[in-house]
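Architecture and fold: a report
Chain residues, written in single-letter form:
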Amino acid sequence: MSFQTPITIASALERIHRRDYVLPAIQREFVWSRDKITRLFDSLMRGYPIGSFLMWQVHEGNAGRFAFYDFMRDYHERDNAHCAPTGPLGSRSVTAILDGQQRLTALNIGLCGSFTGKLPRLWANNPLAYPKKLLHLDLLHRGHDDDLGVEYDFRFLTPEEAAAGTESGEAHWYRVQDMREARSVGDVIRALQQHGVADNMTAGEVLTRLHEVVHVTPTVNFFLEEAQELDKVLNIFIRVNSGGAVLSYSDLLLSVATAQWGERDARESIHRLVDELNAIGQGFAFSKDLVLKTGLVLLGKGDIRFKVDNFDRETMTRLEKHWTDIEGALRLGVSLLADFGFSGVTLTANSVLIPLAYYLHRRNLGEGYRTSDAYRDDRAAIRRWLQRSLMKSGVWGSGLDRLLTGLRATLEKEGGQGWPTEAIEREMSRQGKSLRFEPTEIDDLLDLKYGSKRLFPMLAMLYPGVDTRDHFQEDHIFPRSVLRSRVKLRAAGVTEDALPLIEDRADRAANLQLLRGGENNSKQAALPAAWLQKHFRSDAERESWLREYDAIGLPEGVTGFLEFYDVRRERMRERLVALLEVHTRTDQELAGAAPEAAQTVPDDEPDPGNEGL
């Protein structure tokens, strides 16, 4: 990496327009606001440093391996918020911007383009809500503004706004992009004369300073990286951007895929799929990382780590060829998770989707799998496995690639006719990811508090009568607003000694249940006995609910809460012990009959035996 001779802003913009400077697909979108753009121009006018830039010289032999994007020029919040692909650039080398995209784009918009944002209080579909605005500079203003912290008054204005401000005499607005053509001092003088402010000293100083900033001062300082090793370049990119958006290897891998797909735009396809997956059910929080990782697993790639070498042209070609199948497996997998009641709020580990998608793809299952009676038991087995693995701490943490590789091998060998729970758990146990629960873990689960992501799978396992395909919420049986208010508790006759105990137990599992959203909203702060009386029509229905949710002996008021809590907690414990088969299976029993084909390999070695697709 070497420091290059600084260049002017005008020179940098010319290189952008010639597409000598381009954006790699690893870059995020332009995200700066109008205020940030105007502050950047104010900093330049005041002679403040705006930081160095980092650029990557992509040689002719490598340029064709990547997708590149143009810099944003005319930003429109609704209609043009994404950078457009450059398309083929031929065999020439290009310079990709690794650090400095936002600043260079801001300069391009200010000096060459426009910024169109939505006006407040207008409907998004109203065309008048999006007035096109250009950057202007008030030639009559120079002085520190204590409110804004700026010295020069830059603003994005419509032509009408600029004309009105100038005609009123309160300002004299100069269109900043006109400075591109004012290349000499003589051009600046003629501009002052045309604007009728040639005799104004402030106007002369302000416009001359803008000319110096754009055409004279070599402001753009940059380092140039010439290494062509992609892993090195990505590491540099992640390092220099660590203070901004979180980046990962998937960003560069997405760029590689975009360059190598022939029929589809990989970036658009993957981003669209992620958006669609996250919109299913009550909403999820999946990422492009997970989609790319799933692609490696479903393709049967031996080494599924995020390495550039694992996303070679052959792999990318196969990924595009099988993209429709991969999309279908992911959509079906997420739909099943939503059917089981999971969402971005309750799913403790997004990675559980990967073996589920592989299984659905392995059996070539379609949408009918979600509701067909023929698959009821299979769905139940998957649901129980998901609940167990998400209730257990540490399953989906370290060693994830090794776990996914082992689960894939097991599903490939034993998942042809149904979900192989025993084989799956055998493999997990052998990898130190046992789903066996100790008595102490049962107590830890029962002491989970409201808001814990492990709470939902436990409650859903304990009380399977809840139709989790409906919108539901975790709800307090005794309302939190009462149990956390000492004033209300004292008024109800609770003793002082009991107050801290009630406050501690108010948010724990034994005071929680799953309710449909509408039921929860209707319940609100009502005491449970009163809510039951109103919600259920008959004594038989109320008794059935009390038995189903371990609430037999529910007291009328809060004075009996602690006794009720202890009894219900013990009943929940008995259910969990039975459901999780505590003490009935050992790790040695699970691992003892592990078939040879289920053996996994270290994370740094490929699995040679799985051909996948």
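Note that this is a predicted model, so its numbers are computed, not measured. (Residues numbered from 1 in each chain as written. Predicted model: local features only at pLDDT ≥ 70, side-chain atom pairs only at ≥ 80, totals over all residues. Heavy atoms only, no water.)

Remarks on the overall build of the chain
Helix and strand content of the chain: 27 helices and 13 strands. The long-range share in the chain, meaning contacts at least 24 apart out of those at least 6 apart in sequence, stands at 75%. Accessible area of the chain: about 27700 Å², with a carbon and sulfur share of 48%. (Helix = DSSP H or I, 4+ residues; strand = E, 2+ residues; numbered from the N terminus. Contact = heavy atoms within 4.5 Å. Areas by Shrake-Rupley, 256 points an atom, 1.4 Å probe, with all protein chains shown as cover.)

Quick word on the pattern of salt bridges
Throughout the structure, instances matching the rule amount to 42 salt bridges. Of the charged contacts, one joins arginine 18 and aspartate 20 as a salt bridge, the two residues approaching to 2.9 Å between their closest N and O atoms. Aspartate 99 is paired through a salt bridge with arginine 103; the nearest N and O atoms lie 3.8 Å apart. Assessed through its relative accessible area of 21%, aspartate 99 is described here as partly exposed. What emerges from the salt-bridge pattern is a single network uniting Asp42, Arg46, Arg142, Glu151 and Glu205. (Salt bridge = Lys/Arg side-chain N within 4 Å of Asp/Glu carboxyl O. Buried < 20%, exposed > 50% of the residue type's maximum accessible area, 1.4 Å probe, protein only.)

Focus: the side chain of aspartate 550
Position of aspartate 550 relative to the elements: it lies in the loop between α25 (539–548) and α26 (561–579). Judged by its relative accessible area of 8%, aspartate 550 is buried. In this structure aspartate 550 touches Tyr463, Arg568, Arg571, Met572 and Arg575, once residues within four positions along its chain are discounted.

Overview of the pairing of strand β6 (residues 94–99)
The element β6 is extensively covered by neighbouring structure, given that five of its six residues are classed as buried. Both strand β2 (residues 21–24) and β6 contribute to a ladder of two bridges, which runs parallel. Looking across to β6, one finds that valine 22 is bridged to alanine 96. Sheet analysis places strand β3 (residues 53–58) next to β6, joined by five bridges and oriented antiparallel. (Pairing = 2+ DSSP bridges.)

Let's talk about the packing of helix α2 (residues 34–45) against helix α4 (residues 101–112)
Where α2 contacts α4, the two axes come as close as 10 Å, and the packing angle between them is 90°. Between α2 and α4, the crossing angle belongs to the class labelled roughly perpendicular. Counting all contacts with α2, which are made through Ile37, Leu40, Phe41 and Leu44, the residues of α4 involved are Arg103, Ala106, Leu107, Ile109, Gly110 and Leu111. Split by residue class, the contact of α2 with α4 holds eight nonpolar, one polar and one charged. (Axes fitted to C-alpha atoms, helices over the stretch in contact; angles between N-to-C directions. Parallel < 35°, antiparallel > 145°, perpendicular 65-115°, else oblique. Nonpolar A, V, L, I, M, F, W, Y, C, P; charged D, E, K, R; others polar.)

Notes on the packing of aromatic side chains
Taken as a whole and assessed by the stated rule, the structure comprises 17 aromatic pairs. Ring geometry for tyrosine 463 against tyrosine 549: centres 5.2 Å apart, planes inclined by 45°, an arrangement best described as tilted. Here tyrosine 463 is found in the loop between α19 (455–462) and β12 (472–476), whereas its partner tyrosine 549 is found in the loop between α25 and α26, with 86 residues between them in sequence. By the burial criterion, tyrosine 463 is buried, and tyrosine 549 matches it. Through successive ring pairs, a cluster of aromatic residues spans Tyr463, Trp531, Phe536, Trp545 and Tyr549. Against the face of phenylalanine 53 rests arginine 103, its NZ or CZ located 4.2 Å from the ring centre. Here the basic side chain of lysine 392 rests over the ring of phenylalanine 437, its NZ or CZ set 4.8 Å away from the ring centre. (Phe/Tyr/Trp six-rings, centres within 6.5 Å; stacked < 30°, edge-to-face > 60°. Lys NZ or Arg CZ within 6 Å of the ring centre and 35° of its normal.)

Some details on the sheet that holds strand β9 (residues 154–157)
Overall, antiparallel pairing links the three strands, which are arranged β9-β8-β10 in an open sheet. A single partner strand is all that each edge strand has here, and the edge strands are β9 and β10 (173–175). Taking the axes of each pair of neighbouring strands and ignoring which way they run, one obtains an average angle of 40° across the sheet. Bridge count for strand β8 (residues 134–138) against β9 is four bridges, and the pairing is antiparallel. Bridging from a neighbouring strand, histidine 136 pairs with arginine 155 of β9. Helix α5 (residues 159–167) contacts β8, β9 and β10 of the sheet and is inclined by roughly 125° relative to β9.

Quick notes on the pairing of β8
Of all five residues that make up β8, five are buried, and the element is covered over most of its length. Taking every second residue as pointing to the same face, both faces of β8 are buried, with Leu134, His136 and Asp138 on one and Leu135 and Leu137 on the other. Inspection of the sheet shows β8 paired to β10 by three bridges, in the antiparallel sense. Counted as the bridge partner of aspartate 138 is tryptophan 173 from β10.

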